[in-house]
Amino acid sequence: MSTGAHPQDDIRPVAVAITYDKQDAAPRVVAKGYGTLAETIIRTAKENDLYVHQSPELVGLLMQIDLDAHIPPQLYVAIAELLAWLYALEGGKGQELLG
């Protein structure tokens, strides 16, 4: 899960949730939104003990991706580094991450 401020409005929350399945070619965007929807995405992630990563730059890029679409190759390195860090942080458990 990534969170950050909307470029035109530093007050309104923004959130993007991604998941990665080893059978997929790349991680997918599974939820995204502004305002109340973003707050719900963040709250749901935290309630399920999923990591919430704050990166306005990354969330800005991920918001441009269609819902349920795979991330583009240009973001592979950034997302791979984040997922590898989360995998190590969680001790190798869990295959679905929001980040």
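No experiment lies behind these values; they were computed from the predicted model shown. (Residues numbered from 1 in each chain as written. Predicted model: local features only at pLDDT ≥ 70, side-chain atom pairs only at ≥ 80, totals over all residues. Heavy atoms only, no water.)

Participant: How do you make sense of helix α3 (residues 76-89) when you look at a structure like this?
Facilitator: Three or four residues apart is the spacing at which side chains of an α-helix point the same way, because the helix has 3.6 residues per turn. For α3, which comprises 14 residues, the first-to-last C-alpha distance of 19 Å matches the rise-based estimate of 20 Å (1.5 Å per residue) to within 8%. Ile79, Leu82, Leu83 and Leu86 are the residues of α3 that are buried. Angular distribution of buried residues about the axis of α3 spans 95 degrees; they occupy a single face of the element. Opposite the buried face of α3, by more than 90 degrees, sit the exposed residues Val77, Glu81 and Ala88. Looking one or two places after α3, you find glycine 91, whose phi comes out positive at around 70 degrees. (Helix = DSSP H or I, 4+ residues; strand = E, 2+ residues; numbered from the N terminus. Expected span 1.5 Å × (residues − 1). Buried < 20%, exposed > 50% of the residue type's maximum accessible area, 1.4 Å probe, protein only. Arc of directions from axis to C-beta.)

Participant: What should I look at first to understand the nonpolar core in this one?
Facilitator: Looking at soluble globular proteins, one finds that nonpolar side chains tend to be buried together. Counting residues in hydrophobic clusters, the biggest one holds 16 residues, and the most contacted among them are Val16, Ile18, Leu62, Ile65, Ile71, Leu75 and Ile79. Every element with two or more residues in this core is listed here: β2 (9-19), α2 (56-62) and α3. It is α3 that contributes the most residues to this core, 4 residues altogether. Counting 7 residues, the second-largest nonpolar core is a separate cluster that includes Ala15, Ala17, Ala38 and Val52. (Core = buried A, V, L, I, M, F, W, Y, C linked by side-chain atoms within 4.5 Å.)

Participant: Can you help me understand the pattern of salt bridges in this one?
Facilitator: A side chain with one charge can pair with a side chain of the opposite charge if their charged atoms come near. This structure, assessed with the given rule, holds 3 salt bridges. For arginine 28, the salt bridge is made with aspartate 68, and the minimal N-O distance between the two is 2.3 Å. With arginine 28 in strand β3 (residues 28-34) and aspartate 68 in the loop between α2 and α3, this residue pair connects regions lying 40 residues apart in the sequence. Residues joined by salt bridges that share partners form a network here, namely Asp24, Arg28 and Asp68. (Salt bridge = Lys/Arg side-chain N within 4 Å of Asp/Glu carboxyl O.)

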